[in-house]
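Listed below, chain by chain, are the residues.
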Amino acid sequence: MHLPLPLIITLAASAFLAGCKEEAENHTVDYFTANPAERAAMLESCELSDRAMDDANCVNARKAAQKTQTQKDREGSDRLFGDPSFN
C-alpha cells in the first residue's frame, strides 16, 4: 500500500507541529514580587503542571512568594519587637 505524497507531507507536518508549543515569556522574581495577582495565577497553574520544577516562571513565582513572605515576617517582627539596633 502506497500513500500519496501529499498525504505523507501532511502527516509529517502535522506530527512536527504537534510537538511545537508556544513558549510563554519568562518573568523575573522582581516582576512576580511587584505583581501579586500574576504571581498567584502562576503559582496556581504551577500546581497543576507536571513540569513545574523545570519551568522558569514557576521557579521565579515561588521565589517571589518566599521573598514576599520573608518581608512580611520581618515587618511583623519589627512592629512587635521594634527596629533592631546593633550599635
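Each residue is numbered by its place in its chain's sequence as written, counting from 1. pLDDT decides what is reported in this predicted model: residues at 70 or higher carry local features, side-chain atom pairs at 80 or more are listed and counted, and totals for whole chains, interfaces and linings draw on all residues regardless. Note that water and hydrogens are dropped before the side-chain values are worked out from all heavy atoms of the structure.

**Brief notes about the packing of aromatic side chains**
Only centres within 6.5 Å qualify two rings of Phe, Tyr or Trp (six-membered ring in Trp) as a pair; their planes then separate them into stacked at under 30 degrees, edge-to-face at over 60, and tilted for everything else. What the rule picks out here adds up to 1 aromatic pair. Ring geometry for Tyr-31 and Phe-32: centres 5.5 Å apart, planes at 75°, overall edge-to-face.

**Things to note about helix α4 (residues 56–81)**
Under the DSSP-based scheme used, a helix requires at least four consecutive residues in state H or I and a strand at least two consecutive residues in state E, with every element numbered from the N terminus. By definition here, a helix of n residues has an expected span of 1.5 Å times n minus one. Taking 1.5 Å as the rise per residue, α4 with 26 residues should run 38 Å; its terminal C-alpha atoms sit 37 Å apart, in good agreement. Residues of α4 that are buried: Asn-57, Cys-58, Asn-60, Ala-61, Ala-64 and Thr-68. Should any heavy atoms of two residues lie within 4.5 Å, those residues are counted as being in contact. Packing partners of the buried residues in α4 comprise α2 (29–34) and α3 (36–48). The positive-phi residue at the C-terminal boundary of α4 is Gly-82, with phi of around 85°. Exposure is judged per residue with a 1.4 Å probe applied to protein chains only, and the accessible area is read against the type maximum: over 50% gives exposed, under 20% gives buried, and values in between give partly exposed.

**Here we look at the confidence of the model for the protein chain**
The predictor rates its confidence in each residue with pLDDT, a number between 0 and 100. Within the protein chain, residue pLDDT values average 82, and 74% of them lie at 70 or more. Here helix α1 (residues 5–18) is the element of the protein chain with the lowest mean pLDDT, 65, and α2 is the one with the highest, 96.

**A word on the state of the cysteines**
Here, a disulfide means two cysteine sulfur atoms that sit within 2.5 Å of each other. What the rule picks out here adds up to 1 disulfide. A sulfur-sulfur separation of 1.9 Å characterises the disulfide bridge that pairs Cys-46 with Cys-58. Note on the Cys-46 and Cys-58 pair: the S-S dihedral is about -95°, so by sign convention the disulfide is left-handed. Here the residue Cys-46 occupies a position in helix α3, and Cys-58 occupies one in helix α4, the gap between them amounting to 12 residues. There is no split in this pair, since Cys-46 and Cys-58 are both buried.

**Topic: the environment of Glu-25**
Relative to the elements of secondary structure, Glu-25 occurs in the loop between α1 and α2. Owing to a relative accessible area of 59%, Glu-25 belongs among the exposed residues under this scheme.

**Some thoughts on the nonpolar core**
Of all hydrophobic cores here, the largest spans 8 residues; its members are Val-29, Phe-32, Met-42, Cys-46, Ala-52, Cys-58, Ala-61 and Ala-64. Among the elements of the structure, α2, α3 and α4 are those that each provide at least two residues to this core. Broken down by element, the residue count for this core peaks at 3 residues, all from α4. Sequence-distant contacts of Val-29, defined by excluding residues within four places in its chain, comprise Asn-60, Lys-63, Ala-64 and Lys-67. Only buried residues count toward a nonpolar core, which is a set of Ala, Val, Leu, Ile, Met, Phe, Trp, Tyr and Cys residues joined through side-chain atoms within 4.5 Å.

**What about the environment of Lys-63?**
Topologically, Lys-63 is positioned in helix α4. Given a relative accessible area of 45%, Lys-63 falls into the partly exposed group.

**What about the side chain of Arg-39?**
As for its position among the elements, Arg-39 is in helix α3. Charge convention: Lys and Arg are scored as positive, Asp and Glu as negative, and His as well as the terminal groups of each chain are ignored. In what follows, salt bridge is the name for a side-chain nitrogen of Lys or Arg lying within 4 Å of a carboxyl oxygen of Asp or Glu. Buried and without a salt bridge, Arg-39 has Asp-30 as its closest oppositely charged side chain, separated by 9.9 Å. Look past the residues within four positions of Arg-39 in its chain and what remains in contact with it is Phe-32, Thr-33, Ala-61, Ala-64, Ala-65 and Thr-68.

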